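# Tertiary structure, described
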Amino acid sequence: MKKTLPIILISVALIIGVLLIVFIPRGKTPANEYTAKIYSSETYHSAIETPSRVLLVQTGGLYYYSKVDGESYRFCFDPLCEHKGVGTRCVSALFGLANDMSASIVYLESNSRFYFARGQKIYSTSFDASDLKLEYELGEEGDISIAHYSINYIRWMRPYKNYVYFLYQNDLNGHEQIYRYNADSGKLEAMTSAEDEWVIGYEIADEYIIYKMVDSENLLRFCIADMDFKDIKHVKNIINPSGIGVSMGLYDGKLFYDKENDGIYSYDPLTDTKTPIYQGEDFDIWNQLMAVREDGIYYVGYEVRSVPGTVYDASLDEWVDATTIYNKVYRMSFDGSIEIVLDLKEASISTLNFIDGGVIAHCNKVYYGVDEEGKALGIGNVFLHFEIDESGKFVNPKPIGDKADDEALVEFFSKFN
């Protein structure tokens, strides 16, 4: 049960019958032999884990999933709070525009605090949503006295030791720079220039940062820098040389992983080595990589599937069959073999985050039935918690977050437990 007052993170849920193991298709190439994975990483950060709870990042308000009792609560510990933003200090409401695409919330283990981007300002709270304070101001936009704020200034936040790294859109020319904020000293540093560099994306690796940017000649370049940006070198053999997205791929402690038109590759930027993990004509470029762990690379497959009922299509001005996409989660081992770990045709999965004892998926939409007129019944913006069984399958789905008490969802998923 979801509680509004607590007493004291992707995706989806459901294991349908027997999940099939897919054999290695023809065209597969030898795998990278590196096996000593250090840690896992994920493309989207919609579930942020702390020792006792998992903060669920969703537009409209912040909730958390308790690892202690398995229940869901508002990220607010004031028993009298009405969870309204303007004029209050309700953390759950004040940062309600935060989402996984902007990556505007991080947790620092060094001081057990959350850091929130709000417009041009950085706020923080302790892990229990108390002690809200303004950490740094880069401009006027984002004061908590104003309900609406832009999520385009500060984004792609990453924690590292006692630092918060992030991208900031320079308000003078619109170029994005890499900044870092020292949580101990309160000092802010611009790590890249806004005059002759336009940073597109970056990722923190093991004691270094890899990033891509457009230089003064309008050329896309990839760089590696030490954490202080004193030693910077260009690299060439990147997996996706024309990619302009913010993501640098998934990182496992040594290698980065990303996709090309024909499969998935690993890349070691320190040795400039690119290695195919899987190649095959059957690999869909629209598949979305979600996470890498010690047991493989997890992705959702692009597949349009029909579910019972119809939905109204405003662009066609007619009722059409209800469908979902990204409804299967695959695990690709580092030898190139593929296995389905979740098959949930009733859901469109958008993010996947592994936590202690399970995995949390966020679904753009979940269909759970039809009404008397044959219209599909569905709910958007759903977080699901799964357990992982001995074979690595996602089992025992459970709605969490603000949908934890939705009776229709709870009843629908109860049959899979």
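What counts and what doesn't
- Residues numbered from 1 in each chain as written.
- Predicted model: local features only at pLDDT ≥ 70, side-chain atom pairs only at ≥ 80, totals over all residues.
- Heavy atoms only, no water.
- Phe/Tyr/Trp six-rings, centres within 6.5 Å; stacked < 30°, edge-to-face > 60°.
- Helix = DSSP H or I, 4+ residues; strand = E, 2+ residues; numbered from the N terminus.
- Buried < 20%, exposed > 50% of the residue type's maximum accessible area, 1.4 Å probe, protein only.
- Lys NZ or Arg CZ within 6 Å of the ring centre and 35° of its normal.
- Pairing = 2+ DSSP bridges.
- Core = buried A, V, L, I, M, F, W, Y, C linked by side-chain atoms within 4.5 Å.
- Axes fitted to C-alpha atoms, helices over the stretch in contact; angles between N-to-C directions.

### With respect to the packing of aromatic side chains
Considering all chains together, one arrives at 31 aromatic pairs under this definition. Taking 5.8 Å as the distance between ring centres and 10° as the angle between the ring planes, the aromatic pair formed by phenylalanine 166 and tyrosine 179 counts as stacked. Here phenylalanine 166 is found in strand S13 (residues 163–169), whereas its partner tyrosine 179 is found in strand S14 (residues 176–182), with 13 residues between them in sequence. Residue class for phenylalanine 166 comes out buried when judged on its relative accessible area of 0%. These aromatic residues form a ring-pair network of at least three members: Tyr64, Tyr73, Phe75, Phe77, Phe95, Tyr107, Phe114, Phe116 and Tyr123. Positioned above the aromatic ring of tryptophan 156 is the side chain of arginine 158, whose terminal nitrogen or guanidinium carbon lies 4.5 Å from the ring centre. Across the ring face of phenylalanine 354, the terminal group of arginine 293 is positioned such that the distance to the ring centre comes to 4.1 Å.

### Details of the pairing of strand S9 (residues 113–118)
Within S9, six of the six residues are buried, which leaves it mostly tucked inside the rest of the structure. As consecutive antiparallel partners, strand S8 (residues 105–108) and S9 are separated by four residues, and within that stretch serine 112 has a phi angle of approximately 55°, a positive value. Judged from the six bridges that link them, S9 and strand S10 (residues 121–126) form a sheet pairing that is antiparallel. When the bridges of S10 are listed, phenylalanine 114 appears paired with threonine 125. Linking S9 back to S10 in an antiparallel pair, the connection comprises two residues, with glycine 119 at a positive phi of about 65°.

### Side note on the nonpolar core
Core analysis: the biggest nonpolar cluster contains 27 residues, and Tyr298, Val329, Leu352, Phe394 and Phe413 have the highest contact counts within it. Membership of the second largest hydrophobic core comes to 20 residues, among which are Phe75, Val91, Phe95 and Tyr107.

### Overview of the sheet that holds strand S33 (residues 394–400)
Strand order in the open sheet formed by four strands is S30-S31-S32-S33, with antiparallel pairing between adjacent strands. Edge positions in the sheet fall to strand S30 (347–355) and S33, since each of these pairs with one other strand and no more. The mean angle between the axes of side-by-side strands here comes to 35°, regardless of whether they run parallel or antiparallel. Summarising the sheet, strand S32 (residues 376–388) and S33 pair through five bridges and their orientation is antiparallel. Counted as the bridge partner of isoleucine 388 is phenylalanine 394 from S33.

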